[in-house]
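Observations on chain architecture
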Amino acid sequence: MFSISRINSNRPLVIAIFAALVVFYLVYLTVSQSVTFSALQSSLNAKIAALRNTETTTSEPEKVVDRDIVHLPNVQNDELEFRSGKNIFFIVSTLSPEGVIKLTARQACAIESAARSNADWKVFPLFVATTWFNSSNNEFISPLLRYCNIHMRYIDLETFAFGTPLESLFAKHALQNSSYIVEHTADVLRLLVLYKYGGTYLDTDVIVRRSFDLLLPNYLGSEGSGYVANGVINLEATGYGHRFAESCLNDLAEHFDGQVWAANGPFMVTRNLQKFCNVSEVANMTRARCGGQLSVHPPDVFYRIRYPRHDWFFYPERTEAVMTSIKDDILVHMWNKATSGIQLKVNSTAAYVKLAHEYCPNVIKTCDEFF
C-alpha cells in the first residue's frame, strides 16, 4: 500500500512528463515532414526549371553556317594592296535589293580576259550595293576564282569618299537620287578609284587581248564622236595623272548632273581635257599638247569597230573582216548598251564568241547554250 500510495501521489507529475513527451514527438514529426516537403518541392521546382530550359533550347532552330556564302572585303580594308599602281578596276554598279552579286557571262569574260592578258597586274572587280555571293550557284563567278590575281571587293558608298573632293556630293546622296543611278555611279566611282589608288579602269563590255605594259601611263581614248570616252582610263596615283583625276572630281563636285546620261562621263572628261591640254578639238589632244604626260589615243586604239559597225562582232559574216582589223589591238570594246540584246550561241562563229573562246575560256565553257 505504501508503494501504491507513493505512485498515486506522483501521478500528476508522470502524466505531465508523458504529455510533454507526446507533444515533443508531435512537434518533431511536423517539423521533419515540413523540411522534407520543402526539400522535395525545391527539388521539383529545379527539375521543372531545367525542363523548361531544355524545351526552350531545343525549340529554337539551329543556326546553319552556309560555307558556300562568300562575303567580300571592303575595298578600304587594305589600301596598301594598290600601291604598285598595276591595278585594273571594274565597277559593277548593278543594283540588287538582296545585296547578292550576280555577273553576266559577258561581264565575267571581260574580267577573265584582263587577268589572263595581264598576269602581273591585280584585277579588282569592285561591287556597289552588293556584298556577297553563293559560290555554288553563281556560274560566272566561280571561273574567276581560279585566277590568283583577281580580287573581288565591295565599295561602301557611305565612307568611300571621305577626305576627297566628293565627300559632300556623297553626303547629299546625289548618286542615289540620279535619274541614271547605275551609269552615273559608275561614272563617278571610276575617277574616284583612280584618284585614290591609281591604275586602269575598264568597262565590263571589253575583251582584253594584250598587256597594258605596252602603253605609257596616263591615257584615255577618243571614240570618234567629238568626245573622249571614259570606258578605258589609266591614271597614276601621283603626279600628272593624280592632278587630272582631282580636276575631274572637283568638276563633279560642282557640276554633277543627275538628269543627263553622259553629263558625268564623256562630257565631263572632255571638258577637263580641253582645259588640261589647252585645246578645243579632241583630235589635237596629243601627248605633246597635254604636258607630255597624258595621252588621248585615237579611236582605233580602243574603239576600232564603232558605230555604225558596232554590231559586227555579233555576225558570222563579219568575222573575217573584224578579226583582221583588230589583230594587233590591246583590247576591243563591244558597245553593250547597243548590243546587249543580241543573243550569241556558244558555238557561233561570230567574232565575239571566237574572242571569248581565246581570252575568257573558263567563262564561256561554263555557258550552257548562249554567251
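All of the points below concern the structure found in this document.

How each quantity is defined
- Residues numbered from 1 in each chain as written.
- Predicted model: local features only at pLDDT ≥ 70, side-chain atom pairs only at ≥ 80, totals over all residues.
- Heavy atoms only, no water.
- Helix = DSSP H or I, 4+ residues; strand = E, 2+ residues; numbered from the N terminus.
- Buried < 20%, exposed > 50% of the residue type's maximum accessible area, 1.4 Å probe, protein only.
- Contact = heavy atoms within 4.5 Å.
- Areas by Shrake-Rupley, 256 points an atom, 1.4 Å probe, with all protein chains shown as cover.
- Core = buried A, V, L, I, M, F, W, Y, C linked by side-chain atoms within 4.5 Å.
- Phe/Tyr/Trp six-rings, centres within 6.5 Å; stacked < 30°, edge-to-face > 60°.
- Axes fitted to C-alpha atoms, helices over the stretch in contact; angles between N-to-C directions.
- Parallel < 35°, antiparallel > 145°, perpendicular 65-115°, else oblique.
- Left-handed = near helix turned anticlockwise from the far one by under 90°.
- Nonpolar A, V, L, I, M, F, W, Y, C, P; charged D, E, K, R; others polar.
- Disulfide = S-S within 2.5 Å.
- 1 Å grid on protein atoms, 1.4 Å probe; cavity = no way out; pocket = protein on both sides within 12 Å on 5 of 7 lines; lining within 4 Å.
- Points joined across faces, edges and corners; volume = space filled by probe spheres on them.

**Thoughts on the overall build of the chain**
On a plain count of helices and strands, the chain comes out with 11 helices and 11 strands. Classification of the 371 residues of the chain by burial places 46% in the buried group. The contacts of the chain with a sequence gap of at least 6 include a subset with a gap of at least 24, amounting to 77%. Accessible surface computed for the chain: about 19800 Å², of which carbon and sulfur atoms make up 55%.

**Structural notes on the nonpolar core**
In terms of nonpolar packing, the biggest core is built from 61 residues, with Leu202, Phe212, Phe313 and Phe371 touching the most fellow members. Among the secondary structure elements, those contributing two or more residues to this core are strand E2 (87–92), helix H2 (105–117), strand E3 (122–128), strand E7 (206–208), strand E9 (228–235), strand E11 (331–333), helix H10 (351–359) and helix H11 (361–366). No other element matches H2, which puts 7 residues into this core. If we skip the residues at most four places from it in the chain, phenylalanine 313 touches Ile305, Val322, Ile326, Val332, His333, Met334, Ala350, Ala351, Tyr352 and Leu355. Of all hydrophobic cores here, the second largest spans 46 residues; its members include Ile91, Leu191, Ala245 and Leu273.

**With respect to the packing of aromatic side chains**
Summed over the entire model, instances satisfying the criterion amount to 15 aromatic pairs. Ring centres of phenylalanine 89 and phenylalanine 124 lie 5.6 Å apart, and the angle between their planes is 25°; this geometry places the pair in the stacked category. Note that phenylalanine 89 is positioned in strand E2 and phenylalanine 124 in strand E3, a separation of 35 residues in sequence. The class of phenylalanine 89 is buried, set by a relative accessible area of 0%. Residue classification places phenylalanine 124 among the buried positions, given a relative accessible area of 0%. Between tyrosine 240 and phenylalanine 276, the ring centres sit 5.4 Å apart and the planes meet at 90°, which makes this aromatic pair edge-to-face.

**Comments concerning the packing of helix H4 (residues 181–197) against helix H5 (residues 239–255)**
Orientation of H4 relative to H5, taken along the N-to-C sense of each, is 140°, at an axis distance of 9 Å. Comparing their axes, H5 and H4 come out oblique. For the pair H4 and H5, the sense of crossing is left-handed. Across from Val188, Leu191, Leu192 and Tyr195 in H4, the residues of H5 making contact are His242, Ala245, Glu246, Cys248, Leu249 and Leu252. Of the residues belonging to the contact of H4 with H5, the class tally is 8 nonpolar, 1 polar and 1 charged.

**Let's talk about the state of the cysteines**
Such a bond, covalent and formed between the sulfur atoms of two cysteines, is termed a disulfide. Scanning the entire structure with this criterion turns up 2 disulfides. A disulfide bridge connects cysteine 109 with cysteine 360, and the sulfur atoms are separated by 2.0 Å. Taking the sign of the torsion about the S-S bond as the criterion, the disulfide between cysteine 109 and cysteine 360, at about -80°, is left-handed. With cysteine 109 in helix H2 and cysteine 360 in the loop between H10 and H11, this residue pair connects regions lying 251 residues apart in the sequence. By relative accessible area, cysteine 109 is classed as buried at 0%. The buried category is assigned to cysteine 360, whose relative accessible area is 0%. Covalently, cysteine 277 is tied to cysteine 290 through a disulfide, its sulfur atoms 1.9 Å apart. Here the S-S torsion is close to 105°, and the disulfide linking cysteine 277 with cysteine 290 is therefore right-handed.

**Quick notes on empty space enclosed by the protein**
Summed over the entire model, instances satisfying the criterion amount to 1 cavity of 30 Å³ or more. Of the volumes computed, that of the largest cavity is approximately 40 Å³. Lining of the largest cavity is provided by Phe302, Tyr303, Arg304, Ile305, Phe313, Ile326, Asp329, Leu331, Val332 and His333. The greatest single-element share of the lining of the largest cavity, amounting to 3 residues, is contributed by E11.

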